[in-house]
Amino acid sequence: MTSLRAAPMVVVAMPGPYTANAFTLAPASPQAAAISSLFVGTLIFLSAILILVTFLVVYAIIRYRDRPGAPEAAQTFGSRKLEIIWTAVPILSLAVLSGFMIRAMSAGDPPTAEARPDLRIVAHQWWWEIIYLKSGVTTANEIHIPVGKQLLVDFRSADVIHDFWVPALGRKIDIVPGHPNRLWIEADRGGTYLGACAEFCGNEHAWMRIMVIADSPGDFAAWIKEQSDIPPKPVTPDEQLGANIYRENICTNCHLRSVGPDLTHIATRRTLAAGALVNTPENLAAWLHDPDDFKPGSNMPNFKLSDGDVRALVAFLETQK
């Protein structure tokens, strides 16, 4: 049998759609729409002021320029009317902007005090642990949510300060050790939305990405059921050998204790290593051979696995659906 290591290997980077919905000005939830509208409204308002001031300056330069034989310009000392105007207009402008800002804050971050959380997200260096509190499903780096339903997320940190941000779905929120935070998350249409840790949290901060997948209610229910089921038992010799390596070596020391991502249904995920690779058998084998090739300094050690061990582990992990 051909080794996955020896075979021509195509390591696939993240495809275009993965980054297509990571834009603040393409909101896909009421919370993100409030923030986006505030930004656009403020930009238009300030642009109008810039245009008005630029016009008045240019007009004054041309209208009152010095010309041969022209008399000295009249000097005016004190004008109550002008002083009232240039004091009142900025105050009124700031009051209008403050009103829009307060409305956006209310719409973009509704109160959460009396509600029970649906999800718990634990930020680790450098991956996301996702726990569905009602079903008990645990996954990593990819959040499935039903379209059109608000879910309350309880954020916690396992180590340092992180920051959860999915621009198309809402505001950023800090995740501070020992200080749980809460945020509503919602998508008003189906799709895949990219997020990332927005607070520098160590050497692999850039590869601490997260993906939110908004499913129809039926697809979401089917996904929860799939994740709640026990994966198929290994059948082939490679799958059985891979299962033994996984259970008897030290993989479970991390992957069953929240030190590393839970791998129970890893074959159903789209990405590996918090977004560093597309989840394919070839990429999984490359990752197992040497994680530092893709995520230098990550907490996944290089076990110097043989080609045969990697092939068996990949065969086993591909059964985890």
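Our subject is the structure that appears above.
Residues numbered from 1 in each chain as written. Predicted model: local features only at pLDDT ≥ 70, side-chain atom pairs only at ≥ 80, totals over all residues. Heavy atoms only, no water.

1. Digging into helix H5 (residues 237–248)
Turning to step 1, where the next piece is worked out: Taking 1.5 Å per residue as the helical rise, H5 with its 12 residues ought to reach 16 Å, and the 16 Å between its terminal C-alpha atoms agrees with that figure.
Turning to step 2, where the next piece is worked out: Among the residues making up H5, those that are buried are Asp238, Glu239, Gly242, Ala243, Ile245 and Tyr246. For H5, the angular spread of the buried residues around the axis is 165 degrees, confining them to a single face. Exposed side chains of H5 directed beyond 90 degrees from the buried face belong to Pro237, Arg247 and Glu248.
Turning to step 3, where the next piece is worked out: Buried positions along H5 lie against helix H6 (251–255) and helix H8 (307–317). (Helix = DSSP H or I, 4+ residues; strand = E, 2+ residues; numbered from the N terminus. Expected span 1.5 Å × (residues − 1). Buried < 20%, exposed > 50% of the residue type's maximum accessible area, 1.4 Å probe, protein only. Arc of directions from axis to C-beta. Contact = heavy atoms within 4.5 Å.)

2. As for a nonpolar patch on the surface
Turning to step 1, where the next piece is worked out: Residues Leu46, Ile49, Val53, Val57, Val58, Ile61 and Ile62 make up a contiguous nonpolar surface patch of about 590 Å² in total accessible area.
Turning to step 2, where the next piece is worked out: Residue position: Ile62 is located in helix H2 (residues 30–63). (Patch = residues over 30% accessible without salt bridge, like charges linked within 9 Å, V, L, I, M, F, W, Y side chains within 5 Å. Areas by Shrake-Rupley, 256 points an atom, 1.4 Å probe, with all protein chains shown as cover. Salt bridge = Lys/Arg side-chain N within 4 Å of Asp/Glu carboxyl O.)

3. Examining the pairing of strand S4 (residues 142–146)
Turning to step 1, where the next piece is worked out: Across the five residues of S4, five count as buried, placing the element largely inside the fold.
Turning to step 2, where the next piece is worked out: Of the two faces of S4, the one holding Glu142, His144 and Pro146 and the one holding Ile143 and Ile145 are both buried throughout.
Turning to step 3, where the next piece is worked out: Direction of pairing for S4 relative to strand S10 (residues 209–215): parallel, over a ladder of five bridges. Residue pairing across strands places Pro146 opposite Asp215, the latter belonging to S10. (Pairing = 2+ DSSP bridges.)

4. Quick notes on the environment of Trp128
Turning to step 1, where the next piece is worked out: Along the chain, the position of Trp128 falls in strand S2 (residues 127–132).
Turning to step 2, where the next piece is worked out: Spatially, the C-alpha atoms of Trp128 and Asn203 are 16 Å apart, while their sequence positions differ by 75 residues.
Turning to step 3, where the next piece is worked out: At a separation of 3.3 Å, a polar atom in the side chain of Trp128 contacts the main-chain carbonyl oxygen of Arg209. (Polar contact = N/O pair within 3.5 Å; in protein donor to acceptor, adjacent residues only side chain to side chain.)

5. Some points on the pattern of salt bridges
Turning to step 1, where the next piece is worked out: If you walk through the whole model with that rule in mind, you get seven salt bridges.
Turning to step 2, where the next piece is worked out: Between Arg156 and Asp154 there is a salt bridge, with the nearest N and O atoms lying 2.7 Å from each other.
Turning to step 3, where the next piece is worked out: By relative accessible area, Asp154 is classed as buried at 5%.
Turning to step 4, where the next piece is worked out: It is possible to trace a salt-bridge network through shared partners that takes in Arg120, Asp154 and Arg156.

6. Focus on the nonpolar core
Turning to step 1, where the next piece is worked out: One finds Trp128, Tyr132, Ile143, Phe164 and Tyr193 to be the most contacted residues of the largest nonpolar core, which totals 33 residues.
Turning to step 2, where the next piece is worked out: Leu263, Ala273, Trp287 and Met300 belong to the second largest nonpolar core, which has 24 residues in total. (Core = buried A, V, L, I, M, F, W, Y, C linked by side-chain atoms within 4.5 Å.)

7. What about the packing of aromatic side chains?
Turning to step 1, where the next piece is worked out: Following the criterion strictly, the structure yields seven aromatic pairs and no others.
Turning to step 2, where the next piece is worked out: Consider the rings of Phe55 and Tyr59, whose centres lie 6.3 Å apart with planes at 25 degrees: the pair is stacked. Of this pair, Phe55 and Tyr59 both sit in helix H2, separated by four residues, roughly a single helical turn.
Turning to step 3, where the next piece is worked out: A residue is classified by how much of its surface remains accessible, and Tyr59, at 44% relative accessible area, is partly exposed.
Turning to step 4, where the next piece is worked out: The interplanar angle of 45 degrees and the centroid separation of 4.9 Å between the aromatic rings of Phe155 and Phe164 together place this pair among those described as tilted.
Turning to step 5, where the next piece is worked out: For Phe164, a relative accessible area of 3% translates into the label buried. (Phe/Tyr/Trp six-rings, centres within 6.5 Å; stacked < 30°, edge-to-face > 60°.)

8. A short note on the sheet that holds strand S5 (residues 151–157)
Turning to step 1, where the next piece is worked out: Spatially, S3-S2-S1-S5-S8 is the arrangement adopted by the five strands of the open sheet, whose pairing is mixed. Where the open sheet ends on each side, the last strands, each with one partner, are strand S3 (138–140) and strand S8 (181–185). Across this sheet, the average inter-strand angle for adjacent strands is 25 degrees, counted without regard to direction.
Turning to step 2, where the next piece is worked out: The sheet contact formed by strand S1 (residues 119–124) and S5 spans five bridges and is parallel. Counterpart to Ala123 in the pairing with S5 is Ser157. (Axes fitted to C-alpha atoms, helices over the stretch in contact; angles between N-to-C directions.)

These figures capture arrangement, not role.
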